[in-house]
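Now for the letters of each chain:
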Amino acid sequence: MKTIQKLSVLLVCLTFGLMSMECDRSPEPDHVKFISYQVSAELNDETYAGPKDLASEINKWIENNEVYYDLKYEYQTGAASEFTKFDTEALTKYEPFKTKFTQYLDGLKGRIAKGDFSIKDGKVSASFRVFCERGQGQDRVLKEETINFSYP
């Protein structure tokens, strides 16, 4: 009998406790929006002719040197015109990356000549897409070019 009384008292307390809780009925705040930018390059695997270790090293260099960053920005429609200021800033990072990448590729020719890579027929041919992109909104590709690399 005491157990039933204790359970009844506990049930009454829980009921009153739940009834007296104030529920927050305010609307959910907007989630923070971000825009992301990437300045990078990618090897066209379909047209690549060369050793795997060379492709792997180039991809590692790209991964270590690409520019990728996020900005907090409350955009509304995603129209490209909303991002003009940030797009311009991202494009200033494109030319230095492209220059550094082409210099890296030029330096590889000397290493290939020294025999640092296992090239069967002595030739390498590669095509790279160098780009600056925004991750959100419309018209995401801000700039892109193709760079061809060949040895000899």
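An account of the accompanying structure is given in this report. (Residues numbered from 1 in each chain as written. Predicted model: local features only at pLDDT ≥ 70, side-chain atom pairs only at ≥ 80, totals over all residues. Heavy atoms only, no water.)

Using the criterion set out here, one finds 9 aromatic pairs in the structure. Between Trp61 and Phe101, the aromatic rings sit 5.5 Å apart at their centres with planes inclined by 35°, giving tilted as the arrangement. Linking Trp61 in helix α2 (residues 52-65) with Phe101 in helix α4 (residues 94-114), this pair joins segments that are 40 residues apart in sequence. A relative accessible area of 0% places Phe101 in the buried class. Measuring from centroid to centroid gives 4.9 Å for Tyr73 and Phe86, while their planes differ by 70°, and the two rings are edge-to-face. Of this pair, Tyr73 sits in the loop between β2 (67-72) and α3 (84-91) while Phe86 sits in helix α3, placing them 13 residues apart in sequence. By relative accessible area, which is 24% here, Tyr73 ends up partly exposed. Residue Phe86 is classed as buried on the basis of its relative accessible area, which comes to 14%. Put simply, the rings of Trp61, Phe97, Phe101, Tyr104 and Phe128 touch in pairs and so form one group of aromatic residues. A cation over a ring is seen here: Lys33 above Tyr75, with NZ or CZ 5.1 Å from the ring centre. (Phe/Tyr/Trp six-rings, centres within 6.5 Å; stacked < 30°, edge-to-face > 60°. Helix = DSSP H or I, 4+ residues; strand = E, 2+ residues; numbered from the N terminus. Buried < 20%, exposed > 50% of the residue type's maximum accessible area, 1.4 Å probe, protein only. Lys NZ or Arg CZ within 6 Å of the ring centre and 35° of its normal.)

A sheet is described by the order of its strands in space; here 4 strands give the open sequence β2-β1-β3-β4, paired in antiparallel fashion. Each end of this open sheet is capped by a strand with a single partner; those strands are β2 and β4 (141-151). When strand polarity is set aside, the average angle formed by the axes of neighbouring strands in this sheet is 10°. In this structure, strand β3 (residues 124-134) lies alongside β4, joined through 10 bridges in antiparallel fashion. Bridge assignment links Phe128 to a residue of β4, and that residue is Ile147. Against the sheet, α4 makes contact with β1 (34-43), β3 and β4, and its axis sits at roughly 10° relative to β4, the strand it touches most. (Pairing = 2+ DSSP bridges. Axes fitted to C-alpha atoms, helices over the stretch in contact; angles between N-to-C directions. Contact = heavy atoms within 4.5 Å.)

None of the figures reported here should be taken as evidence of function without further support.
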